[in-house]
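# Survey of secondary and tertiary structure
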Amino acid sequence: MHRIDVRLLGAFEVTHGTARLTVSAGRQQTLLAALALHHGQIVPVDHIAECLWGIDPPASARTTIRSYIKRLRRVLDEARGTEESVIEAQRGGYRLSRELVSVDSTEFRERTEHAAAVAVTAGPDAEAAALDSALALWRGPALSGIHGPTLHRDVLPSLEEARLLAVHRRIAIGLELEDPGDHIPLLRQTLALDPLQERFWAQLMLALYRTGRSAEALREYERCRRLLGDRLGVDPGPELRELHQQMLVASPGLTASAGRAGVRTRVPVGLRTGGPSRYVPRQLPAGDVPFTGRVDELAALDRQLPDMRRDVPGCTGNVLLLDGPAGVGKTALAIHWANGRQERYPGGQIYLDLEGFSTRDPLSPADALRALLIGLGVADNEVPGSVGERSALLRSELAGRRTLLLLDNVMCPEQIRPLLPGPAGTALVTSRNQLRGLVVRNGARRLTLAPFDHERSADLLNRLLGARRPAERTGPAERTGPDRSEPAERAALDELAALCGGLPLALRILAERAARQPEVSLRRLVTEIRGEEPLNAFRLSEDGTDLDTVLSWSLKGLTEAAAGLYGVFAAAAAASARPLAAPAAITAPATITAPAPDAAEKEIGPAEAAGLLGVSREEALCLLDELVQVHLVERCGSDRFRLPAGCLIRVPRTLAGVLPVSALPVSALTVRGLTGPGAVRVPAPVPVPVPVP
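Residues numbered from 1 in each chain as written. Predicted model: local features only at pLDDT ≥ 70, side-chain atom pairs only at ≥ 80, totals over all residues. Heavy atoms only, no water.

### Some thoughts on the overall build of the chain
Counting its secondary structure elements, the chain contains 25 helices and 17 strands. The burial tally for the chain puts 51% of its 693 residues in the buried class. Long-range contacts, defined as pairs at least 24 residues apart, comprise 69% of the intrachain contacts of the chain with a sequence gap of at least 6. Working note: accessible area of the chain is about 30,700 Å², and carbon and sulfur atoms make up 53% of it. (Helix = DSSP H or I, 4+ residues; strand = E, 2+ residues; numbered from the N terminus. Buried < 20%, exposed > 50% of the residue type's maximum accessible area, 1.4 Å probe, protein only. Contact = heavy atoms within 4.5 Å. Areas by Shrake-Rupley, 256 points an atom, 1.4 Å probe, with all protein chains shown as cover.)

In structure tokens:
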């Protein structure tokens, strides 16, 4: 059985096998990190309290800590599916099991100790391999995302120093046994982060000197001398000064030891004569937990990818496009599928977020190629300058290797064409854009992901609530929440599922809210949601997860006319929908509403759209098709369009000054299903501000 994995050497992460576990942000994560940093040891409650609240914890600290421990056990133990808990209560404190839990900081310490041991018994080659294994555990700055001033003050410095010691020793071995030039990029990167490290200045000077760049080595000494003088008012230490003097007189002692006669070099795979690199990247993130409701889609991926062949002229490899509306679970499906198919790709699995729809600017092809090449083991200083050269090198690196590239969140075909692999590789692409050019020019196959139907929505919500609200499954004496087996609670769960429009992201947001309020029954939760401002039902503090923000990214790149058309159409549909708070009319700023059974069935054609915008029928048809491409509307006939059935209706919130669509020529919105008694009328002019980048 898989152990729970707690990762602290980089972004905080908890996994079980390929599944990512959700530990609530804040003090619960800090508590788990405190236990993990003392892996296998008893951590006193007083120390835990200091980690959570500092030197002045509240009077209720012990009670709150017990509550946090209970919630952590709920998440971790349920993932393992056994009664034995991973957190043990012992003698006034708590202990994180070494038998049931692995922690990367513990693993790093054990691997560096092993490196020191094999240095004596097996020599520097074995030591270098052991250090490489230890340093590979670091994914970024330790304790990233953990809010705990005590941990950052007391623990983080020792973790970073242990890493720097390992890096220094690994480079020292490399300067003797490998091509010193291979280590120059890492030395420059290390000094850029901490320029007061004289030991790394010495290694950088030596690496440059041994690659025939003595003038550069002397220039680096001057840089170090000036920097230390400006910041600290001191000169370099005796070791660095002695090294400088030896370089000035070209001392023979600066040449590498005899062990370098058999120097090992690290060059890109495409330039090797001995075959592909031994480095096999496995970069896939952990998947969502629980994952459910996509059996047919997983089977479709299995059917399509093994059967894909280079049977289209000019096709640059096997490309499968997974598209669909925002929040429908494209990334989750792709990652879940790929994590379970590792054996199909012995050449590695590389993940890259192209940032096509996010708060940041889309990743350029040049930056994306650099990230992929470095992920394949190419040294930073060996990455070519132009996009064409980088693309050619990538194909050379992947030649003959069955490798999967998971290119996530793609904006447009031009963003990833240079990234596509040769015949042996596979690219799995996700986007809320249909990327039609990728199908036409690159032979991509398309699998469109639809929102969940009600049955699958209710099933996922029930699973999420089952994992996060266990009080509803306890005995009568312990029960703090109602039983979902009761008809009223089951009806409340069904209603919550219906409010989410079939979007897994919306379902997970509501489940997280229920987890934060375990004392609130599902019936009460439905009542609360209906009584509040609609957007708040799906609001989170994180832009990358907040539903309104995520949906707004679909408007990115739309023309003003298309965005204005969508705003009017969505506003009309929202007015006819069943609102969460039942407003009497469209108000500004408009937000998210849950569709009534027929709200998303309101149709519009190019003639009506042309009348709304004052353009020709052909222009209106192009604008409607622009919305279809990013799944904001869908075709329901040769010339009829509607909002996607079952999806949440999003009316863009007012963003004054971003896109002034202030005088659309509309006197009344007349579309099929919105005329006659009770028809929605939108007075002219209708300001529909729509955010665009």
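So that's the structure; there's more coming.
### Remarks on the sheet that holds strand β10 (residues 403-408)
With respect to topology, five strands assemble into an open sheet ordered β9-β10-β11-β8-β12, the strand pairing being parallel. Unpaired on one side and paired on the other, β9 (348-353) and β12 (445-448) mark the two borders of the sheet. Along the sheet, successive strands turn relative to each other by an average axial angle of 15 degrees, direction set aside. In the sheet, strand β8 (residues 318-323) pairs with β12 via four bridges, with the strands oriented parallel. Looking at β12, one finds that Asp323 is bridged to Thr448. (Pairing = 2+ DSSP bridges. Axes fitted to C-alpha atoms, helices over the stretch in contact; angles between N-to-C directions.)

### Considering the packing of helix α7 (residues 156-177) against helix α9 (residues 198-210)
At their nearest, the axes of α7 and α9 sit 11 Å apart, and the two run at 20 degrees to each other. On the basis of the axis angle, α7 is roughly parallel to α9. At the point where α7 passes α9, the crossing takes the left-handed sense. Facing α7, whose interface residues are Glu161, Leu164, Leu165, Val167, His168, Ile171, Ala172, Leu175 and Glu176, α9 presents Arg199, Phe200, Gln203, Leu206, Ala207 and Arg210. (Parallel < 35°, antiparallel > 145°, perpendicular 65-115°, else oblique. Left-handed = near helix turned anticlockwise from the far one by under 90°.)

### Overview of helix α3 (residues 61-80)
Over its 20 residues, α3 runs 28 Å from end to end, which matches the ideal 28 Å to within 8%, given 1.5 Å per residue. Every buried residue of α3 is listed here: Ala61, Ile65, Tyr68, Ile69, Leu72, Leu76, Asp77 and Arg80. Those residues of α3 that are buried lie in contact with β1 (4-7), β2 (13-16), α1 (27-37), α2 (45-53), β5 (87-90) and β6 (93-96). Positive phi appears at Gly81, one or two residues downstream of α3, with a value of about 75 degrees. (Expected span 1.5 Å × (residues − 1).)

### As for the sheet that holds strand β4 (residues 42-44)
If you walk across this open sheet you meet the three strands as β4-β6-β5, and the pairing is antiparallel. Strands with a single pairing partner mark the edges of an open sheet, and in this sheet they are β4 and β5. Taken pair by pair, the neighbouring strands of this sheet meet at an average axis angle of 35 degrees, ignoring direction. The sheet contact formed by β5 and β6 spans four bridges and is antiparallel.

### Digging into unusual backbone geometry
Glycine aside, residues mostly have negative phi, and peptide bonds are mostly found in the trans state. Its identity as a non-glycine residue notwithstanding, Arg91 has a phi of 40 degrees, on the positive side. By the element assignment, Arg91 lies in the loop between β5 and β6. In this structure, Glu355 is a non-glycine residue whose phi angle is positive, near 60 degrees. As for its placement among the helices and strands, Glu355 is situated in the loop between β9 and α14 (365-375).

### Some thoughts on the pattern of salt bridges
Charged atoms that come close allow side chains of opposite charge to pair. Under the criterion given, the structure shown has 33 salt bridges. Among the salt bridges present, the one from Glu13 reaches Arg7, with a minimum N-O distance of 2.8 Å. Here Glu608 ties to Arg640 by a salt bridge, and the two come within 3.3 Å at their closest N and O atoms. Here the residue Glu608 occupies a position in helix α24 (residues 606-613), and Arg640 occupies one in the loop between β15 (634-635) and β16 (641-642), the gap between them amounting to 32 residues. Among the ionic contacts, a cluster of salt bridges with common partners joins Arg294, Glu297, Asp453 and Arg456. (Salt bridge = Lys/Arg side-chain N within 4 Å of Asp/Glu carboxyl O.)

### Overview of the pairing of strand β11 (residues 426-431)
When a strand is regular, its side chains alternate between the sheet's two faces. Summarising burial for β11: six of the six residues are buried, a large majority. A two-sided burial pattern is seen for β11, the buried positions comprising Thr426, Leu428 and Thr430 on one face and Ala427, Val429 and Ser431 on the other. Where β8 and β11 come together, six bridges link them in parallel fashion. When the bridges of β11 are listed, Asp323 appears paired with Ser431. In terms of strand pairing, β10 meets β11 through four bridges, oriented parallel. Opposite Leu404, over in β11, you have Thr426 as the bridge partner.

### Some remarks on the nonpolar core
Core analysis: the biggest nonpolar cluster contains 78 residues, and Val6, Leu8, Leu32, Leu35, Ile65, Ile87 and Leu151 have the highest contact counts within it. The dominant element in this core, judged by the number of residues it contributes, is α9, at nine residues. Beyond its immediate chain neighbours, meaning those up to four positions away, Ile87 contacts Leu35, Ile69, Leu72, Arg73, Leu76, Tyr94, Arg95 and Leu96. (Core = buried A, V, L, I, M, F, W, Y, C linked by side-chain atoms within 4.5 Å.)

### Observations regarding the environment of Leu100
Tracing the backbone shows Leu100 in the loop between β6 and β7 (101-103). Judged by its relative accessible area of 9%, Leu100 falls in the buried class. A C-alpha to C-alpha distance of 6.0 Å links Leu100 and Val86, two positions 14 residues apart in sequence. Apart from the residues within four sequence positions on either side, Leu100 is in contact with Arg3, Ile4, Arg80, Glu84, Ser85 and Val86.

### Observations regarding the packing of aromatic side chains
A complete count under the given rule lists two aromatic pairs for this structure. Aromatic side chains Phe108 and Trp138 sit 5.6 Å apart centroid to centroid with 85 degrees between the ring planes, which places their arrangement in the edge-to-face category. Of the two residues, Phe108 is situated in helix α4 (residues 104-121) and Trp138 in the loop between α5 (124-135) and α6 (149-154); the sequence distance between them amounts to 30 residues. Residue class for Phe108 comes out buried when judged on its relative accessible area of 4%. (Phe/Tyr/Trp six-rings, centres within 6.5 Å; stacked < 30°, edge-to-face > 60°.)

### Observations regarding a nonpolar patch on the surface
On the surface, a nonpolar cluster with roughly 240 Å² of combined accessible area is contributed by Leu196, Leu232 and Val234. Along the chain, Leu196 turns up in the loop between α8 (184-193) and α9. (Patch = residues over 30% accessible without salt bridge, like charges linked within 9 Å, V, L, I, M, F, W, Y side chains within 5 Å.)

### Description of the environment of Arg445
As for its placement among the helices and strands, Arg445 is situated in strand β12. For Arg445, a relative accessible area of 28% gives the class partly exposed. As a C-alpha pair, Arg445 and Leu305 span 140 residues in sequence and 9.0 Å in three-dimensional space.

### Description of the side chain of Thr426
As for its placement among the helices and strands, Thr426 is situated in strand β11. Excluding residues within four positions of it along the chain, Thr426 makes contact with Leu305, Asn318, Tyr345, Thr403, Leu404, Leu405 and Pro421.

### Remarks on the pairing of β6
In β6, alternate side chains face the same way, and those of Gly93 and Arg95 on one face and Tyr94 and Leu96 on the other are all buried. Relative to β6, β4 runs antiparallel, the two sharing three bridges. The partner of Pro44 across the bridge, within β6, is Gly93. Hairpin remark: β5 followed by β6, antiparallel, with two residues in the connecting loop; positive phi at Arg91, about 40 degrees.

Distances and angles like these do not, on their own, reveal function.
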